[in-house]
Amino acid sequence: MPRVESKTVTETATAKAETAAPAALFTPAVFVLEDGRMFRGTSYGAQGTALGEAVFATGMTGYQETITDPSYARQLVVQTAPHIGNTGVNSDDAESRRIWVAGYIVRDAARRPSNWRSERSLDEELVEQGIVGIQGVDTRAITRHLREHKTMRAGIFSGEAARATDKELLDAVLASAPMEGARLAEEVSVSEAYVVDPQDHGWDGEPRFSIAAIDLGIKAMTPVRFAERGVRVHVLPATSTLEDVKAVNPDGFFMSNGPGDPATADTQVKLLRSVLDEKLPYFGICFGNQILGRALGFGTYKLRYGHRGINQPVLDRRTGKVEITSQNHGFAVDAPLDGATQAPEERYGRVEVSHISLNDDVVEGLACLDIPAFSVQYHPEAAAGPHDAAYLFDRFIDLMAVTKTGSENTTDSKTEDKK
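Residues numbered from 1 in each chain as written. Predicted model: local features only at pLDDT ≥ 70, side-chain atom pairs only at ≥ 80, totals over all residues. Heavy atoms only, no water.

Section: empty space enclosed by the protein
No. 1: A full pass over the atoms with the stated rule returns 3 cavities of 30 Å³ or more.
No. 2: In this model, the largest cavity occupies a volume close to 190 Å³.
No. 3: Along the walls of the largest cavity sit 22 residues, with Gly62, Thr66, Tyr72, Ile310 and Ser326 positioned nearest its centre.
No. 4: When contributions to the lining of the largest cavity are tallied by element, the ones reaching two or more residues are α2 (63–67), β16 (299–316) and β17 (321–334).
No. 5: Residues belonging to the lining of the largest cavity are distributed by class as follows: 8 nonpolar, 10 polar and 4 charged.
No. 6: What lines the second largest cavity is a set of 17 residues, among which Ser71, Gly260, His329, Gly330 and Phe331 lie closest to the centre.
No. 7: Sorting the residues of the lining of the second largest cavity by element identifies α10 (287–295), β16 and β17 as the ones contributing at least two each.
No. 8: The element that contributes the greatest number of residues to the lining of the second largest cavity is β17, accounting for 4 residues.
No. 9: By residue class, the composition of the lining of the second largest cavity is 6 nonpolar, 8 polar and 3 charged. (1 Å grid on protein atoms, 1.4 Å probe; cavity = no way out; pocket = protein on both sides within 12 Å on 5 of 7 lines; lining within 4 Å. Points joined across faces, edges and corners; volume = space filled by probe spheres on them. Helix = DSSP H or I, 4+ residues; strand = E, 2+ residues; numbered from the N terminus. Nonpolar A, V, L, I, M, F, W, Y, C, P; charged D, E, K, R; others polar.)

Okay, structure coming up:
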């Protein structure tokens, strides 16, 4: 039988929220997990039904960047930070063209935003984009449950949808698609190529390099970080071919973050192998790390509850330094952790795990030793998040310089991250 959780957030929080008296505060909503556990609260954002995979994000800040990150497509995001919406939303901080989370779960929603950059409230933005949410639930209890039992399918039901019986609600969740086997990169990618130029982002002079970047769910700040360093970025759709890549005459090749199961990315794996065969320097992040792993012949697997937040500790084995990183992934590469090993696809030579998670030893980076290619599992663009990993953009520029000239050429392009 489904188990219903009482609202333990505190009556005081509810009473405070009701002083603002928006209609949503009196509209019932329920969050239902596929194992039958239920949490009742009130509506937040649009009303209706949202189905997807329930995950939790641990960032204390950056909720706008979180909800607009395409890597969260088809996921119901539980924010562990108790107060959400305090700074509102604006047009500058969105990481893509729309909100991608399938649904949003918060404890205490701000009654009104208070920030000089705010243009509208988060609640208004959720309504505008049709994102169903729930507020007034115990997000700590939800997070602990997901940590103990793994990420799982779930649903948010509000308004009329919440009037269904517990069985009907649970049946709707159980009928929804799991994340395993989901092919989503093509759904979130752009349909037309575009260019991000260095001169539009503070670079004085001619571009130093040009790269082809495959949009698998790219965040807006990623090409900006390249442009700030003098790199012209040709952002290409997820379905691009080697001919499309060659058409922009790039000095390097990049694959972005993105949603879904990397086991479904056969098209992108094939493309990357053809690029590696061309000896074109490669850098991948997040989904791009998993695709490199697959291209080298390694497998991937689903993590129990994933890494999502802006406080994930990672060891860079090459420098011995610990980085606090921004992450958002539910899958990982299955590769030997210790020492250099021959890639299962032998033509690519040796590879080593360059970065590991200090929480659970998950592979957080790969470095090829015989071809110009490397990748990391986390997000170095710092939107939102720490700046510890910004050096990776410079490392890729160095790799392109070395490949192009055949000699060491240390970049002086390091810039201060502005976001």
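Concerning helix α7 (residues 221–228)
No. 1: Most of α7 is tucked away: 8 of the 8 residues are buried.
No. 2: Here α7 has its buried residues at Met221, Thr222, Pro223, Val224, Arg225, Phe226, Ala227 and Glu228.
No. 3: Residues of α7 that are buried sit in contact with β11 (194–196), β12 (209–214), β13 (231–236), β14 (252–255), β15 (282–285) and α11 (391–405).
No. 4: Looking one or two places after α7, you find glycine 230, whose phi comes out positive at around 90 degrees. (Buried < 20%, exposed > 50% of the residue type's maximum accessible area, 1.4 Å probe, protein only. Contact = heavy atoms within 4.5 Å.)

Let's talk about the packing of helix α9 (residues 266–277) against α10
No. 1: Between α9 and α10, whose axes approach to 9 Å, the crossing angle comes to 70 degrees. In terms of orientation, α9 lies roughly perpendicular with respect to α10. Two secondary-structure elements touch here, α9 through Asp266, Gln268, Val269, Leu272, Arg273 and Leu276 and α10 through Ile291, Leu292, Arg294 and Ala295.
No. 2: In terms of residue class, the contact of α9 with α10 is built from 6 nonpolar, 1 polar and 3 charged. (Axes fitted to C-alpha atoms, helices over the stretch in contact; angles between N-to-C directions. Parallel < 35°, antiparallel > 145°, perpendicular 65-115°, else oblique.)

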